[in-house]
Amino acid sequence: GVLVQGGITSDARKLLPPVAHEPSSETGIKNVAGSIAMARLEPGSAQAWTALAIACQRAGRSDEAEAAFRAAVRASPDDLAARRNLGLFLDLRGRDGR
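This report concerns the structure included in the present document.

Thresholds applied
- Residues numbered from 1 in each chain as written.
- Predicted model: local features only at pLDDT ≥ 70, side-chain atom pairs only at ≥ 80, totals over all residues.
- Heavy atoms only, no water.
- Helix = DSSP H or I, 4+ residues; strand = E, 2+ residues; numbered from the N terminus.
- Buried < 20%, exposed > 50% of the residue type's maximum accessible area, 1.4 Å probe, protein only.
- Core = buried A, V, L, I, M, F, W, Y, C linked by side-chain atoms within 4.5 Å.
- Contact = heavy atoms within 4.5 Å.
- Polar contact = N/O pair within 3.5 Å; in protein donor to acceptor, adjacent residues only side chain to side chain.
- Axes fitted to C-alpha atoms, helices over the stretch in contact; angles between N-to-C directions.
- Parallel < 35°, antiparallel > 145°, perpendicular 65-115°, else oblique.
- Nonpolar A, V, L, I, M, F, W, Y, C, P; charged D, E, K, R; others polar.
- Expected span 1.5 Å × (residues − 1).
- Phe/Tyr/Trp six-rings, centres within 6.5 Å; stacked < 30°, edge-to-face > 60°.

## With respect to the overall build of the chain
- Within the chain, the regular secondary structure consists of five helices and zero strands.
- Element order for the chain, N to C, with α for helix and β for strand: α-α-α-α-α.
- Counting every position in the chain, which comprises 98 residues, the buried fraction comes to 28%.

## Topic: the nonpolar core
- Within the largest apolar cluster, 12 residues are counted, these being A46, A53, C56, A65, A68, F69, A72, V73, A82, L86, F89 and L90.
- Of all the secondary structure elements, the ones that give two or more residues to this core are α3 (46-58), α4 (62-75) and α5 (80-92).
- Non-local contacts of A68, meaning those with residues more than four positions away in its chain, are made with W49, L52 and A53.

## Quick notes on the side chain of S45
- Relative to the helices and strands, S45 resides in the loop between α2 (32-41) and α3.
- Among the polar contacts made by the side chain of S45, one reaches the main-chain amide nitrogen of A48 at a distance of 3.0 Å.

## Brief notes about the packing of α3 against α4
- One can describe the packing of α3 onto α4 by two numbers: an axis separation of 8 Å at closest approach and a directional angle of 170 degrees. If you check the angle between α3 and α4, you find them roughly antiparallel. On α4, the residues that touch A46, W49, T50, L52, A53, C56 and Q57 of α3 are E64, A65, A68, F69, A71, A72 and A75.
- Residue classes in the contact of α3 with α4 are distributed as 11 nonpolar, two polar and one charged.

## Quick word on α3
- Here α3 contains 13 residues, and its C-alpha end-to-end distance of 18 Å stays within 8% of the 18 Å for a straight helix at 1.5 Å per residue.
- Among all positions of α3, only A46, A48, T50, A51, A53, I54, A55 and C56 are buried.
- Downstream of α3 by one or two residues, G60 has phi in the positive range, about 80 degrees.

## Let's talk about the packing of aromatic side chains
- Per the stated rule, a full pass over the model turns up one aromatic pair.
- Both rings, one in F69 and one in F89, keep their centres 5.1 Å apart while their planes meet at 40 degrees; by these two values the pair is tilted. With F69 in helix α4 and F89 in helix α5, this residue pair connects regions lying 20 residues apart in the sequence.
- Given the relative accessible area of 0%, F69 is considered buried.
- For F89, a relative accessible area of 2% corresponds to the buried category.

Below you can see the structure in the form of structure tokens.
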């Protein structure tokens, strides 16, 4: 799995305390449809590309997931969450960001 941060990135006062990570391997829940629905809310945004990347990854489509994570960074180059998500994904694949 991939650890992904989505949501609020601009106002730390709006953040909630972290919750324990529950990987799909433990819960059995793989919400691909939910990820795609999230992507439709703001087409072209870093958050939408990240949601699409997650859906692709969960469907076993790693090359498309990587392309979507990279598109998230292009959509919002200053978004640290987008950069971190790409880095984590590449790390899991045993690759660097170059």
